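Architecture and fold: a report
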Amino acid sequence: MRKVIRLATIALLFGSTLGFGSANIANAQEPTGSMPAYAISCDVFVEMANSAKGEGIPDGCQALEGIRIIAFDRMGNRLDACRTDESGVCTLDISPNGTRIFFEDTKNVPEGYAPVQTAQRIFTYTEFAEVHFVNYRSDVLPAPPTETGTINIESRICPDRYAGDDFATDCGELVSGIDEFAFANDAFNKTGSDGNTRVRDVAAGAVTVIGGQSEATGDVAFACAATDDPSDVRETSVTLTAELDNVTRDFAGTVQLADGENLTCTWYQIPNLDRGLWTSLNNPMASGDRAGTWIDETGNLQLYVVKCADGVVPEALEDAATDCMDKPEPFGVSAIAEDGTVLASGGLDAEGKVLLNLNGQTIADFTVSSDARPDVSADVIGCFANADDGLGDVTDPMQQSVTKGDAGWSVPGFGDDVRGVTCIWYLIG
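A look at the overall build of the chain
Within the chain, the regular secondary structure consists of four helices and 32 strands. Put simply, the chain has 429 residues, and 48% of those count as buried. When contacts within the chain are restricted to residue pairs at least 6 apart in sequence, those whose partners lie at least 24 apart make up 69%. Looking at the chain as shown, the accessible area adds up to about 19,100 Å², and 48% of this sits on carbon and sulfur atoms.

Right, dumping it as structure tokens:
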């Protein structure tokens with residue numbers, strides 16, 4: 001109910017909903033569709049892309065009939081299953097849009113053949129997407145790595161919109177019990193009833209670790225240490241990929257694994273709050289001269305400024321949204337990078353609204369501030385990702401973390417939302 005109050009308050013103040021575009025997000029979330037899945041056996045080594053290249057069955061390979069292929073969502077929930085026909089193909093009744101985990105049941109794979117891996121975690125987008133499972137003859141099956149280690153993964157969920165730092169104490173809820181897939185590079189396992197799993201025979205080197213996440217995941221906290229010595233903390237990083245369907249946000253943690261090492265990595269999922277804990281942002285739509293910049297609408301910061309009446313001192317964002325309704329006197333606002341560069345600026349209109357457009361600028365941390373408001377320490381700021389259901393109606397927006405200083409405030413998770421963010425700045429006193 002509190003989120004509804006916030007959005008309704010904005011609509012009342014400015015006479016509009018928060019629909020900022022008409023991209024068909026609703027279609028990207030359709031649960032049904034037609035996803036072809038292939039199973040083949042090969043007597044030579046081939047590389048097949050999980051895409052709609054229409055390559056057919058390569059020379060030296062044969063269709064496998066009667067292979068069961070199962071599709072899961074990112075939380076390990078079973079979506080559909082099918083069994084291949086004589087042409088080695090079957091159809092999964094799922095949408096191609098989004099990240100899926102595809103599993104091949106090897107029961108009917110002919111003796112002497114085996115897959116490199118039985119599970120694939122893949123993001124697919126277009127309606128022509130497809131997935132392939134290749135089973136190799138044993139003498140051409142790629143040799144396993146000679147230098148390997150073990151990654152133990154502990155997956156947990158934090159409280160809704162968790163803003164604290166004591167993850168070990170506060171984040172104890174299990175992600176999804178025994179059905180959750182956890183990956184370390186191409187190796188995988190399922191978490192048990194305690195939310196933990198062990199992935200053995202992981203190739204040494206840079207290891208990509210993926211635990212639990214869903215459409216409601218705003219951020220993840222990821223940390224690793226030696227299993228036999230928790231004080232031996234390892235350097236980690238987190239990459240957030242803003243996927244092409246404008247809805248899916250995928251997180252992946254990275255850690256270095258030496259030959260024979262045994263590491264334990266914790267994966268804490270934070271629901272509904274993008275805190276900007278990720279180390280780097282990968283936007284597949286940004287390439288060429290646009291790489292490393294805010295593109296399209298990702299750099300839009302739509303700002304609404306609201307004044308609280310004298311004597312009104314709200315304790316939280318929900319209180320400000322309910323108690324503060326006055327329009328401020330217009331003033332100028334700027335987004336300023338750490339080196340002092342003004343990335344965007346503008347003046348409030350009569351309704352207290354301004355768009356700070358950072359598109360095309362190099363991605364950098366910035367602070368929102370105003371010479372007319374030199375002290376913002378008492379003010380309340382709330383930020384949300386711009387999203388709609390494809391019809392211009394507001395859906396449940398992802399809340400953005402806000403870091404506030406004395407003279408300005410910033411949005412640490414800015415830049416991964418396709419339509420940018422909307423912020424409401426409540427002036428106190």
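Moving on, there is more to tell.
Side note on the state of the cysteines
As enumerated under the stated definition, the model contains six disulfides in all. Paired through a disulfide, Cys 224 and Cys 265 show a sulfur-sulfur distance of 2.1 Å. One quick way to see it: the torsion about the S-S bond of Cys 224 and Cys 265 is about 110 degrees, and its sign makes the bridge right-handed. Within this pair, whereas Cys 224 is found in strand S16 (residues 217-226), its partner Cys 265 is found in strand S20 (residues 262-271), the two being separated by 41 residues in sequence.

Some remarks on unusual backbone geometry
Non-glycine residue Asn 272 carries a positive phi angle of around 65 degrees. Mapping Asn 272 onto the fold places it in the loop between S20 and strand S21 (273-274). For Asn 272, a relative accessible area of 17% corresponds to the buried category.

Some thoughts on the environment of Leu 92
Relative to the helices and strands, Leu 92 is located in strand S5 (residues 89-92). Distance from Leu 92 to Ile 70, taken between C-alpha atoms, is 8.0 Å for residues 22 residues apart in sequence.

Quick notes on the nonpolar core
Membership of the largest hydrophobic core comes to 26 residues, with the highest contact counts inside it found for Leu 301, Leu 303, Leu 358, Phe 366, Trp 409 and Trp 425. Those elements that provide at least two residues to this core are strand S23 (300-307), strand S24 (332-337), strand S25 (342-347), strand S26 (353-357), strand S27 (366-369), strand S28 (380-385) and strand S32 (421-427). If one sorts the elements of this core by residue count, S32 sits on top with four residues. Counting 20 residues, the second largest nonpolar core, distinct from the first, contains Ile 151, Ala 182, Val 202 and Val 238.

A word on the pattern of salt bridges
Oppositely charged side chains can pair when the atoms bearing their charge come close. Summed over the entire model, instances satisfying the criterion amount to 15 salt bridges. Here Arg 275 makes a salt bridge to Asp 165, at a shortest N to O gap of 3.3 Å. Within this pair, whereas Arg 275 is found in the loop between S21 and strand S22 (280-282), its partner Asp 165 is found in the loop between strand S10 (148-157) and helix H3 (167-170), the two being separated by 110 residues in sequence. With a relative accessible area of 11%, Arg 275 lands in the buried category. Among the ionic pairs, Asp 416 bridges to Arg 249, the shortest N-O distance being 2.6 Å. With Asp 416 in the loop between strand S31 (409-410) and S32 and Arg 249 in strand S19 (residues 249-257), the pair connects residues that are 167 residues apart, well separated along the chain. Given the relative accessible area of 4%, Asp 416 is considered buried. Linked through salt bridges whose partners overlap, the residues forming this network are Arg 74, Arg 121, Glu 215 and Asp 250.

Some details on the confidence of the model for the chain
Overall, the prediction assigns the chain a mean pLDDT of 87, with 88% of residues at 70 or greater. Confidence drops under a pLDDT of 50 for residues 1-31, and excluding neighbours within four residues, the segment shows 75 contacts in the predicted structure. Residue range residues 389-394 is modelled with pLDDT below 50. Its contacts to residues more than four positions away, or to other chains, number 16 contacts.

Quick look at the side chain of Asp 245
Counting through the fold element by element, Asp 245 comes out in the loop between strand S18 (236-242) and S19. Here the side chain of Asp 245 touches Thr 248 through a polar contact of 2.7 Å, side chain to side chain.

Here is what the cut-offs are and how they apply
- Residues numbered from 1 in each chain as written.
- Predicted model: local features only at pLDDT ≥ 70, side-chain atom pairs only at ≥ 80, totals over all residues.
- Heavy atoms only, no water.
- Helix = DSSP H or I, 4+ residues; strand = E, 2+ residues; numbered from the N terminus.
- Buried < 20%, exposed > 50% of the residue type's maximum accessible area, 1.4 Å probe, protein only.
- Contact = heavy atoms within 4.5 Å.
- Areas by Shrake-Rupley, 256 points an atom, 1.4 Å probe, with all protein chains shown as cover.
- Disulfide = S-S within 2.5 Å.
- Core = buried A, V, L, I, M, F, W, Y, C linked by side-chain atoms within 4.5 Å.
- Salt bridge = Lys/Arg side-chain N within 4 Å of Asp/Glu carboxyl O.
- pLDDT = per-residue confidence, 0-100.
- Polar contact = N/O pair within 3.5 Å; in protein donor to acceptor, adjacent residues only side chain to side chain.

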